[in-house]
Every structure is written in structure tokens, then in C-alpha cells.
Amino acid sequence: LAYHGRKNRKHREREREASKNIYPNNTTQQLVMTAPDSSEPSAAQTAQEIKVLLQQLRKSSKQRQRGNFNSASERDDALRLDKLRRIFARLVERRELDITDRSNIDQSASAKWNQWLLTQHDVFIDYLVDGIIAGKTASMRTFCGVIATTPVKINLQSNGDSVDEKQYMLSEQLLNKLLSALVKSKQYFELNKSGEDSK
């Protein structure tokens, strides 16, 4: 119960931050991120799609807390989470999102865009973590997909000197969150099982 209280407070804080930190239209207009394929969505379209998907997940979360939820809703949420995974994977591939860059020093349009995306990505990861703790295989599968499509850059070292060539590895931050969620999931189900056995 204590964990769930902390989790709900953390969720509300993240969601408040994400909702008030709506990406300003004038900054999206400054971004020059047109891909060679004209079918690629613009930054403004991508921002809107992310906002709508997170809002739908937030609404589902509130319905679940009230007990108004069913298997169809679970499937819809799984599809929303996977769609967000694909959106963020595309942004990482296009180098618009860097989950390791949390500095607010750079005030360029691309840096502000990255910071806004990071806030939304954090909320997305929170939903996946909650799903894993609750034992949802779809959340586990989606999180593994996030790890696979969100590599982080590392600088190779040669004789103590940094080499220009960059390599990529799995994100230690995401791996730690996954492991933490799995541990909490085990504790959560053991607690529930012991409660049922004592009845």
C-alpha cells in the first residue's frame, strides 16, 4: 500500500509536468526536421500524437483505479504503449531524442524539443513499469522493445585517449528500471499471495 501511494504521487507529479510542459507551437515551427520521405510527420504532428496517446493512457489509469476496466481496455492500452514505443524509436533513429541529454543549458529549438520529448518519454516508461509490476506481459514485451531501440552512445578509449568513433550500447538507465520493476513485481505478487493465504 505504501508503494502504491508513492507510485500514485510520482505519477501525478510526472503527468502534471508533462501536461503543463506542452511544447510551444512557435518552437516547433523553428525546427527544421523534414525527413527525405515527405510522409514523415512533422514535429508538431508528432507532439500532438504523443500527447493524445498519453492522455488516453491517463484516462484508462483513472478508470482502472475506479474498477471500471475490462480485457478490451487492456488490449487498447497495450496497443497505445506499443505505438508510443514505435514513435520514440523513430525519434531516436532520427536523432531527435537523446535520453542521456538532460541538460537545460542549450536553449536551441532542437534542444528544447529533446527536453520536451524526454518528459513525455519518462511518463511513457512509468506506465510500462507499472504494467510490469502488475504482471502484464505486454508491458514487459514493450519495455524490451524500448531497450532494443534506444541505444546510448559511448566513446571508445584507446591508450587513454578518446577516439572520434562512437559506438552504441544498451541503456544502463533503462536496464536498471526494468530490473527494479521485475523485483517490485515479485514482491507485489508475493505480498498478495501471502495476504490470500492468511484469509
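Residues numbered from 1 in each chain as written. Predicted model: local features only at pLDDT ≥ 70, side-chain atom pairs only at ≥ 80, totals over all residues. Heavy atoms only, no water.

Asker: Would you take a moment to explain the confidence of the model for the protein chain for this structure?
Answerer: For residues with low pLDDT, the predicted coordinates do not support detailed interpretation. When pLDDT is averaged across the protein chain, the result is 80; 70% of the residues are at 70 or more. Across residues 32-36, where pLDDT falls below 50, the model places six contacts with residues more than four positions away in sequence or in other chains. (pLDDT = per-residue confidence, 0-100. Contact = heavy atoms within 4.5 Å.)

Asker: I keep staring at helix H4 (residues 71-93) and nothing clicks. Help me out?
Answerer: Residues separated by three or four positions in an α-helix point in the same direction, a consequence of the helix having 3.6 residues per turn. Over its 23 residues, H4 runs 33 Å from end to end, which matches the ideal 33 Å to within 8%, given 1.5 Å per residue. Within the span of H4, buried status applies to Ser73, Asp77, Arg80, Leu81, Leu84, Arg85, Ile87, Phe88, Ala89, Leu91 and Val92. Elements in contact with the buried residues of H4: helix H3 (43-65), helix H5 (109-133) and helix H6 (137-149). Between the side-chain oxygen of the N-cap and the backbone nitrogen of alanine 72 there are 3.1 Å, and the N-cap of H4 in question is asparagine 70. (Helix = DSSP H or I, 4+ residues; strand = E, 2+ residues; numbered from the N terminus. Expected span 1.5 Å × (residues − 1). Buried < 20%, exposed > 50% of the residue type's maximum accessible area, 1.4 Å probe, protein only. Polar contact = N/O pair within 3.5 Å; in protein donor to acceptor, adjacent residues only side chain to side chain.)

Asker: Sorry, what's going on with the environment of arginine 141 here?
Answerer: Relative to the elements of secondary structure, arginine 141 occurs in helix H6. By relative accessible area, which is 57% here, arginine 141 ends up exposed. Along the chain, arginine 141 and alanine 78 lie 63 residues apart, while their C-alpha atoms are 9.9 Å from each other.

Asker: Would you explain the nonpolar core in this entry?
Answerer: One broad rule of soluble globular proteins: the nonpolar side chains tend to lie buried together. Counting residues in each nonpolar core, the largest one holds 33 residues, and the members touching the most others are Ile50, Phe124 and Phe143. Contributing elements (two or more residues each) for this core: H3, H4, H5, H6 and helix H7 (172-197). In terms of residue count, the dominant contributor to this core is H5 (twelve residues). (Core = buried A, V, L, I, M, F, W, Y, C linked by side-chain atoms within 4.5 Å.)

Asker: Please clarify how the packing of H4 against H6 should be interpreted in this entry.
Answerer: Helix-helix packing: each pair is described by the crossing angle between the helix axes and the interaxial distance. Two elements in contact, H4 and H6, have axes separated by 10 Å at closest approach and are oriented at 0 degrees. Judged by the angle between their axes, H4 and H6 are roughly parallel. Between H4 and H6, the contacting residues are Ala78, Leu81, Asp82, Arg85, Ala89 and Val92 on the first element and Ala138, Ser139, Thr142, Gly145, Val146 and Thr149 on the second. For the contact of H4 with H6, the class distribution of residues is six nonpolar, four polar and two charged. (Axes fitted to C-alpha atoms, helices over the stretch in contact; angles between N-to-C directions. Parallel < 35°, antiparallel > 145°, perpendicular 65-115°, else oblique. Nonpolar A, V, L, I, M, F, W, Y, C, P; charged D, E, K, R; others polar.)

Asker: In this structure, what is going on with the pattern of salt bridges? I would like to understand it.
Answerer: Two side chains that carry opposite charge are able to pair once their charged atoms sit near each other. Summed over all chains, the structure comprises ten salt bridges. Ionic pairing is found between lysine 136 and glutamate 74, a salt bridge with its closest N-O pair at 3.3 Å. Of this pair, lysine 136 sits in the loop between H5 and H6 while glutamate 74 sits in helix H4, and the two are 62 residues apart along the sequence. Aspartate 82 is the partner of arginine 85 in a salt bridge, and the nearest nitrogen-oxygen pair spans 3.0 Å. Of the two residues, arginine 85 and aspartate 82 both sit in helix H4, three residues apart, roughly one turn of that helix. (Salt bridge = Lys/Arg side-chain N within 4 Å of Asp/Glu carboxyl O.)

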